[in-house]
Amino acid sequence: MEINSATTPPDSDPAQRRRVHNMLKLYYGLNEEGKAAEQAESLDPCDINGPHFDPEIYLNKLRNECSLAELMDHESCMVKQIRSLDSDMQTLVYENYNKFISATDTIRKMKNDFKKMEDEMDCLSANMSAITEFSARISGTLQDQHAQITKLSGVHTLLRKLQFLFELPARLNKCLELQAYAQAVSAHRRARCVLQQYSHMPSFRGIQDDCHVIMEQLAQQLRQKFRDGGSSAKDLSECVELLLQLDEPAEELCDKFLSHAQSRLEADLQGLEAELKDSAITHTGGGSAQKASPGSNPVSPSSSVLNPFLSPTAGTDILEFIDRGCNEFVSSLCLVIASYQELFINRPQEGELASKNIPEMANGKLHVFVDTLAARYFSLVERRIQEEKGVGDNSLLVRALDRFHRRLQAISKLLPGSAVPSQGTEIVVRAARERIKQYLSALQTFYHDSLTDVRQALAAPRLSVGGASASGGGALVGGATGKDSPPSLPELLTSLSNFILNQLKSVLASVHLFTAKDITFSNKPYFKGEFCSQGVREGLVVSFIKFICQSSRQYCESAGDRGGSTPPALLLLLSRLCLDYETSTISYILTLTDEQFLVQHHTPVTPVTALCAEAREAAQKLLNHYVKVQGLIISQMLRKSVETRDWVNTIEPRNVRAVMKRVVEDTTSIDVQVGLLYEEGVRKAHSSDSSKRTFSVYSSSRPQIRYAPSYTPSAPMDTNLLSNIHKLFSERIDIFSPVEFNKVSVLTGIIKISLKTFLECVRLRTFGRYGLQQIQVDCHYLQMYLWRFVSDENLVHFLLDEIVGSAAHRCLDPSPMEQSVIEVICERG
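Values in this document were obtained by computation on a predicted structure and should not be read as measured data. (Residues numbered from 1 in each chain as written. Predicted model: local features only at pLDDT ≥ 70, side-chain atom pairs only at ≥ 80, totals over all residues. Heavy atoms only, no water.)

## Points about the overall build of the chain
A count of helical and extended segments in the chain gives 26 helices and zero strands. Counting only residues that meet the buried cut, the chain has 41% of its 829 residues in that class. Restricting the contact set of the chain to residue pairs at least 6 apart, pairs at least 24 apart contribute 81%. (Helix = DSSP H or I, 4+ residues; strand = E, 2+ residues; numbered from the N terminus. Buried < 20%, exposed > 50% of the residue type's maximum accessible area, 1.4 Å probe, protein only. Contact = heavy atoms within 4.5 Å.)

## Brief notes about the nonpolar core
Formed by 190 residues in total, the largest nonpolar core has its most connected members in Phe344, Phe369, Tyr377, Val511, Phe514, Phe758 and Ile775. What Phe369 contacts, discounting residues up to four positions off in sequence, is Leu258, Ala261, Gln262, Leu265, Leu333 and Val336. (Core = buried A, V, L, I, M, F, W, Y, C linked by side-chain atoms within 4.5 Å.)

## Let's talk about the pattern of salt bridges
In the structure shown here, the tally under the stated rule is 26 salt bridges. Here Asp778 makes a salt bridge to Arg657, at a shortest N to O gap of 2.7 Å. Residue Asp778 is located in helix H24 (residues 769-786), and its partner Arg657 is located in the loop between helix H18 (608-643) and helix H19 (658-677); the two are separated by 121 residues in the primary sequence. Within the structure, one salt-bridge network assembled from shared partners comprises Lys756, Glu760, Arg763 and Glu802. (Salt bridge = Lys/Arg side-chain N within 4 Å of Asp/Glu carboxyl O.)

## So, the packing of H24 against helix H25 (residues 793-809)
Two numbers describe how H24 lies on H25: the axes approach to 9 Å, and their chain directions differ by 175 degrees. Relative to H25, the element H24 lies roughly antiparallel. Of H25, the residues touching H24 (which contributes Leu772, Ile775, Gln776, Cys779, Leu782, Gln783 and Leu786) are Val796, His797, Leu800, Ile803, Val804, Ala807 and Ala808. Here the residues of the contact of H24 with H25 sort into eleven nonpolar, three polar and no charged. (Axes fitted to C-alpha atoms, helices over the stretch in contact; angles between N-to-C directions. Parallel < 35°, antiparallel > 145°, perpendicular 65-115°, else oblique. Nonpolar A, V, L, I, M, F, W, Y, C, P; charged D, E, K, R; others polar.)

## Regarding a nonpolar patch on the surface
A cluster of nonpolar side chains, namely Met110, Phe114, Met117, Met121, Leu124, Met128 and Ile131, defines an oily patch on the protein surface of about 720 Å² accessible area. When you line up the elements, Met128 lands in helix H5 (residues 97-178). Given the relative accessible area of 47%, Met128 is considered partly exposed. (Patch = residues over 30% accessible without salt bridge, like charges linked within 9 Å, V, L, I, M, F, W, Y side chains within 5 Å. Areas by Shrake-Rupley, 256 points an atom, 1.4 Å probe, with all protein chains shown as cover.)

## Focus on the packing of helix H15 (residues 489-511) against helix H17 (residues 568-597)
Relative orientation of the contacting elements H15 and H17 amounts to 25 degrees, with a least axis distance of 10 Å. By the angle between their directions, the pair H15 and H17 is classed as roughly parallel. For the pair H15 and H17, the sense of crossing is right-handed. Looking at the contact of H15 with H17, its residues break down into 19 nonpolar, three polar and three charged. (Left-handed = near helix turned anticlockwise from the far one by under 90°.)

## Remarks on the confidence of the model for the chain
Summary statistics for the chain give a mean pLDDT of 77 and a share of 78% for residues scoring 70 or more. For residues 559-563, every residue scores under 50 in pLDDT, and the model assigns this stretch six contacts once sequence neighbours within four places are set aside. Residue range residues 692-720 is modelled with pLDDT below 50. Its contacts to residues more than four positions away, or to other chains, number 44 contacts. (pLDDT = per-residue confidence, 0-100.)

## Looking at helix H26 (residues 819-828)
When we look at burial in H26, the residues that qualify are Gln819, Ile822, Ile825 and Cys826. Burial along H26 is one-sided: seen end-on, the buried residues are contained in an arc of 125 degrees. Exposed side chains of H26 directed beyond 90 degrees from the buried face belong to Glu827 and Arg828. (Arc of directions from axis to C-beta.)

## Thoughts on the packing of aromatic side chains
This structure, assessed with the given rule, holds 14 aromatic pairs. Between Phe514 and Phe531, the aromatic rings sit 5.4 Å apart at their centres with planes inclined by 50 degrees, giving tilted as the arrangement. Of the two residues, Phe514 is situated in the loop between H15 and helix H16 (525-561) and Phe531 in helix H16; the sequence distance between them amounts to 17 residues. Each of the two residues, Phe514 as well as Phe531, counts as buried. Note on Tyr678 and Phe741: the rings are 6.3 Å apart at their centroids and 25 degrees apart in plane angle, and the pair reads as stacked. Linking Tyr678 in the loop between H19 and helix H20 (693-700) with Phe741 in the loop between helix H22 (716-728) and helix H23 (743-763), this pair joins segments that are 63 residues apart in sequence. Residue classification places Phe741 among the buried residues on the basis of a relative accessible area of 17%. Through pairs of rings, three or more aromatic residues link up here, namely Phe329, Tyr377, Phe378 and Phe404. (Phe/Tyr/Trp six-rings, centres within 6.5 Å; stacked < 30°, edge-to-face > 60°.)

## Structural notes on a negative patch on the surface
On the surface, Glu118, Asp119, Glu120 and Asp122 cluster together into a negatively charged patch. Within the secondary structure, Asp119 sits in helix H5. (Lys, Arg positive; Asp, Glu negative; His and termini not counted. Charge placed at Lys NZ, Arg CZ, Asp CG, Glu CD.)

## Quick notes on the state of the cysteines
For the structure shown, the criterion picks out zero disulfides. The thiol sulfur of Cys334 is not disulfide-bonded, and the nearest other cysteine sulfur, from Cys326, lies at 9.5 Å. Left unpaired, Cys578 is separated from the closest cysteine sulfur, that of Cys549, by 5.1 Å. (Disulfide = S-S within 2.5 Å.)

Here it is in structure tokens:
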């Protein structure tokens, strides 16, 4: 069947080939596996393809079950199948005829070849039998001689060993002369066990004694060579190994090895310490601090102050120092660790050495040795890091710390479990934290210097224009426009804010070097998260923002303690600065920090809202204090003008007093100053006769009969009663209430303080007839101008009304001046 399948034409139909194949299988009675089908496959006599097919039964069944037409069709189909099968069989026989002929020839040839092979196998079997018999005869003949040869070979081997033992002293002496210490130790170790075993025999005892003396001399030379320490590391390691093989105490060898290594490492440390001393001399003796050049900007740091962002000159930079320490001390230490471990810890322990537990003892000594020297090295490194006071350039420090951290990782691989790498990491972390503190201190110094320059700019002489004096700080508006004109408040505020922000950005850029991708310690979890979150964000940025707010609030306290030594314009400028921080700058700075350093808030951090609230509180306190200071300045003028005048014997008023004109001028100057930094604010609707309303209050609503008969001794209680009833129906005025962040609210607070002081001073004086009239004129003049600055003109009306009313109560001859006369005097003034 396999030949059949293999010789089928390749271009025949696969279905046709499969059908022929199945028919052949049925013809030969084969199943799917190519084996003869079992008899139990088909027992049906009507199965035409089965082995038990019975034609008679099959025909009888067809005649009984089928009609004539079906019989005719069935016959036609069977005839076709028979013809097709005959045709296929004939084709198959024709196609495989040559194969059948070739197979027949091959079978005939194989029969001839197998017959010849059988003859050769019979011959070979006869030869093997003869060889086996001959070999058995030879073995029997040579058996006695073989036993004698084996005995002689054993004796020869023993003689060679004895010869080696007898020649051992001479060989050892020769190795000692040639300084071939390794060969001598190897030869002695080979013979030591035999000599020890047969030491009871005199001859072997003599050899053993001679060898002992020679090996003692060799050990003495090795010890002397080890003590000299002039050999290389390889020779030293070989020397230690030979001494161990000579049963030298391992603990003593460890101590000697570490002591020898310590002398070399001490030299490296002394070189670093000498370099530190030279650097210190350079800093104290020859170092010249650089000064910042004054810029054209009004807020640039003053030339008289050292710039905290410039570092003093040093003899050797920190990168060179760390490189020297790593290349000399750390490299030598790693070499010592590797050699020591190879000699005492990692070498296989055999025989008696295994019971002494040398690796554990040696490992403990190594840890103590490394920790002691590393502690000295770390102290030198920290001293050198502490000398990096200037914060102008961070790149050298970061590269030095990176190299320091990277080289220490080699120790962690060589000496697992050592605390040295973790101690080095702590030094890196402490250096980064200290750097943050230095940057914060530098920023604080820069901020103080900038405020000093602002105060100098505010104190610079300037021209007064439009009645605005230099004391207001905002009189530059409309003033000199020359090249050397002093800056205005908005310019100072913008310059100060930009300088602080740019300096903070510069600091963040410098600190960002600690988190660069090529820095090994930057991606360590013990560094990056803590450094970015608690170090940069909290320790630097948040602390600096809080410092600005706290130092600004201190200006309020110190100004009050020193009697107003802080310029009011500086208070106003700082309040606006803090307000700008609350509205935008704080959010911008913290967002920039979080994005630049990828801060992950795993630990509690200060929220933006808390910082904004603190900045707003500082701005509110500064603005309140500004109002208080400006109000006290005007109040001081009014108090002096009231206290230094004799109001009883004064002459009839003909003009407005100069102090009232000064009050209006200063109020106008303050209005201009505040308007430079704050918006206008909301006012209540003004009446059409705001400038004249004072007179209606003093004349119409308080008729002259109120000032004449009411103050007679007959009716004092009635006058007080009327005054108190009038106050009950008036709105209460809170003089020192917090102001809002707009110009109207600020001016309202200043005017309230000023007029309230004026009122209290009037209540303490006694007035004559013309003194009352002068107060009327002054109050009317103030009413003409002050109502424009406040949020509610009724407030000015009420306070001025109280001032005139108090003067009338304190007047000996209350005779008010006519309204028309007051108007003429004020218009003329």
